[in-house]
Amino acid sequence: MRHRRHHAGKRVARLSRRREWIVHGIGGVLWLSGVAWIVLHYFLRRAGEFGEQPHPLEIWSLRLHGGAAFAALWLFGLLWPIHVIPAWRARRRASGIVVAGVFIMLIASGWLLYYGSGDDTRAAVALVHWIIGLALLAPYLWHTLRGRDGG
């Protein structure tokens, strides 16, 4: 773990290059697999013998997304003590609060999709989940770029 000085002289935890690549890799697979599922599910359905059929890759994008989600949960736990807590103590909170808040909403809506929603609420929960998921890219980039420029 690398450290850098905050403007007030406080140390702020910065991830090692290796951990940065792990974060970007898992986050990238998670986000791209979610986008792939949306495109396959809503825009690339195929006509079949009995009406519209799911694209053959739809299930695989969902499986990849689920696996990446488990990895992201592990990553969130890893980042908490080495990145989140030190940054919180150094009062570098704005972009991290947004990213963590959005991630927590995705965890909750993902859990609801997998375990907790019935047929009557599933469509609404899915819509909320993919809108938040698509939107996560903006605060994620803000957080990442803000950290790189020391601001």
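See the structure above.
Undergrad: In this structure, what is going on with the nonpolar core? I would like to understand it.
TA: The nonpolar side chains of a soluble globular protein tend to be buried with one another. Counting ten residues, the largest nonpolar core consists of L15, V23, I26, L30, A68, A72, L75, L79, I82 and F103. Taken together, the elements giving at least two residues each to this core come down to α1 (17-43) and α2 (58-89). With five residues, the top contributor of residues to this core is α2. Ignoring anything within four residues of it in the chain, the contact list for L79 reads L15, V23 and V84.

Undergrad: What's the story with the packing of α1 against α2 in this structure? I'm lost.
TA: Packed helices, taken two at a time, are described by the angle between their axes plus the distance between the axes. Axis separation between α1 and α2 bottoms out at 8 Å; the angle between their running directions is 150 degrees. Between α1 and α2, the angle falls in the class roughly antiparallel. The two elements α1 and α2 cross, and the hand of that crossing is left-handed. Class assignment for the residues of the contact of α1 with α2 results in 19 nonpolar, five polar and two charged.

Rules behind the numbers
Residues numbered from 1 in each chain as written. Predicted model: local features only at pLDDT ≥ 70, side-chain atom pairs only at ≥ 80, totals over all residues. Heavy atoms only, no water. Core = buried A, V, L, I, M, F, W, Y, C linked by side-chain atoms within 4.5 Å. Buried < 20%, exposed > 50% of the residue type's maximum accessible area, 1.4 Å probe, protein only. Helix = DSSP H or I, 4+ residues; strand = E, 2+ residues; numbered from the N terminus. Contact = heavy atoms within 4.5 Å. Axes fitted to C-alpha atoms, helices over the stretch in contact; angles between N-to-C directions. Parallel < 35°, antiparallel > 145°, perpendicular 65-115°, else oblique. Left-handed = near helix turned anticlockwise from the far one by under 90°. Nonpolar A, V, L, I, M, F, W, Y, C, P; charged D, E, K, R; others polar.

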